[in-house]
Amino acid sequence: MLLLFVCQLFWTRGEILQPWRTARDLGLNPNVFLSLMFHPFHHYFIPSYLYPPQSPPHFSLLYLKSQERMSLYPSLEDLKVDKVMRAQSQFAQSTSSAPAITEGAYQPATQGMPSSTLYPNLEELGDYMGLRLNSDEVQRNLALVPAADNQVAVASGVGGMVRPVTGADVGIRRAEIRQGLREVILCKDQDSKVGLRLRDVDNGMFIQLVQANSPAALAGLRFGDQVLQINGQNCAGWSADKAHKALKAAAETRIELVVRDRPFQRTITMHKDSSGHVGFIFKSGRITSLVKDGSAARNGLLTDHYICEINGQNVIGLKDPQIKDILTSSPSAMTITVMPKIIYEHMIKRMSSGLLRSAMDHSVPEV
């Protein structure tokens, strides 16, 4: 009864006639259409063209929300800084007839404005997240767009992400896990080897070891990559022995692999605080605890995960002091690649730590 009353209310005001008539003209059941419009998740069911172009304020909940595309960010710090800059840009535009931001130069919104806590400035944001930010740094990282778009940063770089803090950090490009498949062509070395050791997991074939300076390493294969085909043969359901025999029987000069990048791994980009830490503790390569409110915790790093790469460099098999040195020498923006403990331990099963340390490719990948 309440639904009928509300429908009648809008009907008498003439505000539901257009979508109702549009639904009727398209051959839809108007009664079903009306019930969907008042459903809490109506915007999942009703396409935008069924809504009037302009809606009264009290009827706005029935209309599709803004179709503005949500941006992607490599870290929470990038998201926070971009939101602040967007808010400052919009505030400046609302208080001035002149454009707040023009292409080619960044003008901080706080210039010429009274002190206010409505939008925190970069220094306050830096204090909040333990970062060292300044307008010059953000200006170098941001790609500015016309003020009419109400945006400060536009998508750029890896995965089309907005990176006002991370900027053009090379580590995030080295660590990128690309979606989709790629074909890799290998040849054997003078010992008739390609430098790969494979492991079958859940009826799939995965790379367990990439030997340093081997054809596999030069081709860019990495620990955890999934091998889908070897010379046109599907590897699903194969044992590791069968895969190794297929590689051994392949021609010396051409081995075709179809590979998917590291499906069991994920990357997390973090930022060092003023003391040079990102906020996690590890032992034997496994993350054991997180520092409260640290960049690692903020960006979703989890415990009981093993560190596979730091800025794209493989660290599997290295001792903790060696991993610590790599972390210390990393720039302020750091991207680590991790794998859940249960999968990692299954992947390296029957492999000695000495073999991982001495044979695994630990070189810094080129981008």
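Rules used in this analysis
Residues numbered from 1 in each chain as written. Predicted model: local features only at pLDDT ≥ 70, side-chain atom pairs only at ≥ 80, totals over all residues. Heavy atoms only, no water. Helix = DSSP H or I, 4+ residues; strand = E, 2+ residues; numbered from the N terminus. Buried < 20%, exposed > 50% of the residue type's maximum accessible area, 1.4 Å probe, protein only. Contact = heavy atoms within 4.5 Å. Pairing = 2+ DSSP bridges. 1 Å grid on protein atoms, 1.4 Å probe; cavity = no way out; pocket = protein on both sides within 12 Å on 5 of 7 lines; lining within 4 Å. Points joined across faces, edges and corners; volume = space filled by probe spheres on them. Nonpolar A, V, L, I, M, F, W, Y, C, P; charged D, E, K, R; others polar. pLDDT = per-residue confidence, 0-100. Core = buried A, V, L, I, M, F, W, Y, C linked by side-chain atoms within 4.5 Å. Arc of directions from axis to C-beta.

Moving on, we come to unusual backbone geometry. You will see that Arg 262, though not glycine, has its phi angle at about 25 degrees, which is positive. One can find Arg 262 in the loop between strand S6 (255–260) and strand S7 (266–271). A positive phi angle is found at Asp 293, which is not glycine, with a value near 65 degrees. Its place among the elements puts Asp 293 in the loop between strand S9 (286–290) and helix H11 (295–298). A relative accessible area of 57% means that Asp 293 is categorised as exposed.

Moving on: the environment of Leu 247. Summarising the element assignment, Leu 247 is placed in helix H10 (residues 240–249). With 51 residues separating them along the chain, Leu 247 and Leu 196 place their C-alpha atoms 9.1 Å apart. When near neighbours in sequence (up to four residues on either side) are disregarded, Leu 247 contacts Lys 188, Val 194, Leu 198, Ile 230, Ile 255 and Leu 257.

For the rest of this paragraph, the subject is the pairing of strand S10 (residues 305–310). In terms of burial, S10 is a largely internal element, six of the six residues being buried. Alignment of S10 against strand S12 (residues 333–340), held across five bridges, turns out to be antiparallel. Each residue of the ladder has a partner; that of Tyr 306, found in S12, is Met 339. Here S10 runs beside strand S11 (residues 313–314); their pairing, made up of two bridges, is antiparallel. Note that in S11 the partner of Glu 309 across the bridge is Asn 314. In this structure, the hairpin formed by S10 and S11 is closed by a connection of two residues, where Asn 311 is found at a positive phi of approximately 55 degrees.

For the largest pocket, the calculated volume is near 550 Å³. Elements supplying a minimum of two residues to the lining of the largest pocket: helix H8 (170–174) and helix H9 (215–218). Partitioning the lining of the largest pocket into residue classes produces 11 nonpolar, five polar and 12 charged.

Turning to the confidence of the model for the protein chain, a few remarks are in order. Per-chain confidence: the protein chain averages 77 in pLDDT, with 64% of residues scoring 70 or above. Across residues 1–17, where pLDDT falls below 50, the model places 21 contacts with residues more than four positions away in sequence or in other chains. Counted against residues more than four places away or in other chains, residues 55–68, with its pLDDT under 50, gives 27 contacts.

Moving on, we get to the nonpolar core. One finds Leu 186, Leu 196, Leu 198, Leu 221, Val 227, Ile 230 and Leu 257 to be the most contacted residues of the largest nonpolar core, which totals 22 residues. Those residues in contact with Leu 257, other than ones at most four positions away along the chain, are Arg 182, Glu 183, Val 184, Leu 186, Leu 196, Leu 221, Val 227, Gln 229, Ile 230 and Leu 247. Grouped together as the second largest cluster of nonpolar side chains are 18 residues, Ile 268, Leu 301, Ile 307 and Val 315 included.

Regarding helix H12 (residues 320–329), the residues found buried are Ile 323, Ile 326 and Leu 327. The arc that holds the buried residues of H12, viewed along the axis, is 100 degrees, so those residues lie on one side. Among the exposed residues of H12, those pointing more than 90 degrees away from its buried face are Pro 321, Lys 324, Asp 325, Thr 328 and Ser 329. The inward-facing, buried residues of H12 abut strand S8 (280–283), S10, S11 and S12.

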